[in-house]
Amino acid sequence: MAQIPNIDNSPLNLKSLREQSQRELVNILKNIRGSKCLVIDPKLSGSISLIVQTSILKEHGAELRLLSAEPLQTDCTKVVYLVRSRCDLMRFICSHVSNDTSKGLEKEYFIYFVPRREVVCEKVLEEEGVHQLMTIGEYPLYMVPLDEDLLSFELDFANKQFQVDGDTSSLWHIAKAIHKLESSFGVIPHVRAKGKGSVRVAEILNHMQTEEPVNSSDMGVPEINTLILLDREVDMVTPMCSQLTYEGLIDELLHISNGSVELDSSIMGIEQEGKKMKVPLNSSDKLFKETRDLNFEVVVQVLRQKATSMKQDYAEMTTTNQTVSELKDFVKKLNSLPEMTRHINLAQHLSTFTSKPSFLARLDMEHTIIEAQSYDICFEHIEELIHKQEPLATVLRLLILLSVTNSGLPKKHFDYLRRELLHSYGFEHMATLNNLEKAGLVKKQESRSNWLTIKHALQLVVEDTDTANPNDIAYVFSGYAPLSIRLVQHAIRSGWRPLENIVKLLPGPQLETKRGGFSSSPSSDTLHSSAASIDRVADGRRSLVLVLFIGGITYAEISALRFLSAQEGMAYDLIIGTTKIINGDTFVNAYVEQHLS
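Residues numbered from 1 in each chain as written. Predicted model: local features only at pLDDT ≥ 70, side-chain atom pairs only at ≥ 80, totals over all residues. Heavy atoms only, no water.

## Comments concerning the pattern of salt bridges
For clarity, the threshold we go by: Should a side-chain nitrogen of Lys or Arg be within 4 Å of a carboxyl oxygen of Asp or Glu, the pair is scored as a salt bridge. Helix and strand definitions here come from DSSP, where helices need a minimum of 4 consecutive H or I residues and strands a minimum of 2 consecutive E residues; each element is numbered from the N-terminal end. Only protein chains enter the accessibility calculation, which uses a 1.4 Å probe; a residue is then buried when its area is under 20% of its type maximum, exposed when over 50%, and partly exposed in between.
Within the structure shown, the criterion is met by 35 salt bridges. With a closest N to O distance of 3.3 Å, E233 and K196 form a salt bridge. Placement of the pair is E233 in the loop between β9 (224–231) and α9 (237–240) and K196 in helix α8 (residues 196–211), with a sequence separation of 37 residues. Overall, the relative accessible area of 43% leaves K196 in the partly exposed class. Residues K306 and E290 are paired through a salt bridge, measuring 3.5 Å at the closest nitrogen-oxygen approach. Taken together, the residues K306 in helix α12 (residues 296–319) and E290 in helix α11 (residues 286–291) connect sequence positions 16 residues apart. For K306, a relative accessible area of 29% puts it in the partly exposed group. A residue is classified by how much of its surface remains accessible, and E290, at 44% relative accessible area, is partly exposed. Through salt bridges with shared partners, one network takes in D147, D149, E247, R292, D293 and R562.

Following this line, the structure appears as structure tokens:
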């Protein structure tokens, strides 16, 4: 199970959200008296572990299992399934029931759908003749607090489902999650949305408020001042780039899951052959909280300085007489030694990747594409990677980057690279390439690219970026400022109206609306003036802006948002919401057909 992150210091009371979700799950177990076997969908297990500790589930008589196709081995006469609404999972459950029936076992079965039941799943149960044996309910877990400023809806394929399959169910899920937030914290008065999905979510949210109104008059001033909704397709450049923040790099190279990373114990300096260990990564770790959002090259310097300081303190301890107070301070420092050792080992392991010529060459190529310096060099580099059969995700990331910044590829190059990819990686990837084309990620060039205009207008490339003492969000990619976060920066500072011509060049419609009966000056497009009357909530804290990414956000973008929030003169705290935390590989793999099972 993952380590539950500390969210006591959240600018929004995320603790109350977690407690509510925990209460709802505990109540389900309480209502099923006696011992029971709780069978959890493996994809949900990580999210559940961030909401409630295993020990609490066991206290309420739950014997824990993960759902699989294998027959369920338990002596419990009550079986509780906690699952997403997926037909393949229904078939697993049906096979469990059939297996029990064939052995003459009489059990009570309960299915709780997360976050809601769907008719198509119940039809599978009816077809298999087990529906009448089931007690069916819902566990409305629409979002999971991953950290003190971070919420995830844990929708793995939201982008692909919406862009390729035309499935808008994830948009309803997002709107429902925001509506649920509003029931705790008040109706969000200002909404800015960019992209097809974002505008649709804003519309669904308004419809929900009409159908099931949240009564803001009972709550006073709403805690969340503004909601900024962004489709991932608005900025497909950023997730295709290699992240260079500490946390972003860990995710790129080792893959963070539910606030931890699983590593060979030898990497952490523990010699147990073949043994894996989970390393927790959240704000509960003070050293990680201090370094997670820094550029990785700076993290190495910070760790070196801290180790040197501790070494000097130790030398002083052994050569001079210390006061009790000085001894106490030294012991405090020693308490942080396990954290220090953990991150030194982790940084050393990451350095074995970042020092490779192939990694540095990839960074150079990404910057060359972003700066639109030489299309031919970039095309030849991708061609060479295909012929060398480099990992497919690596190739597709650069290909998408080249396509997006050029409004597609010339027809002859498009056809040629498709053919070469299928020859190198197999014709089963025809569906993958079709998915990418349908989503507009790799396509034929039909118009002149606007990338140079966008890049210059939004100052996306910043020369001589100081990664150690940054004064701009570009530090997270060592010179490239994430387009998505530039949009957020302008939305907060001066609104999008002064940039209207540039924002229109980006994919999808945009929408700005006022809700919940709050009025504002029609002549102003800034958060500061349009919401001057509600800049601070009742207890004097800064007002909140909820920035929500539909289709996923990278850790580097999260770091850039945290950097913005910490700037002097910033009048708002930022809470970040996302359908899923992604990196370029996980994003691309969602379009690879073999990964969708």
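Here the narrative resumes.
## Quick look at the environment of T77
For clarity, the cut-off: Whether two residues are in contact is decided by their heavy atoms: any pair within 4.5 Å suffices.
As for its position among the elements, T77 is in the loop between β2 (62–66) and β3 (78–84). Judged by its relative accessible area of 47%, T77 falls in the partly exposed class. In this structure the C-alpha to C-alpha distance between T77 and Y109, which are 32 residues apart in sequence, comes to 8.6 Å. When near neighbours in sequence (up to four residues on either side) are disregarded, T77 contacts E106, K107 and E108.

## Remarks on unusual backbone geometry
The phi torsion of most residues other than glycine is negative, and most of the peptide bonds are trans. Look at the link from V114 to P115: it is a cis peptide, with omega at -5 degrees. Mapping P115 onto the fold places it in the loop between β4 (108–114) and α5 (119–127). Of note in this structure, E154 is not a glycine but carries a positive phi near 50 degrees. As for its position among the elements, E154 is in the loop between β7 (150–152) and α6 (158–163). Taking the relative accessible area as the measure of exposure, E154 reaches 21% and is therefore partly exposed. Positive phi, normally seen in glycine, also occurs at S478, with a value near 50 degrees. Residue placement: S478 occurs in the loop between α20 (451–457) and α21 (483–493). S478 sits in the partly exposed class, given a relative accessible area of 31%.

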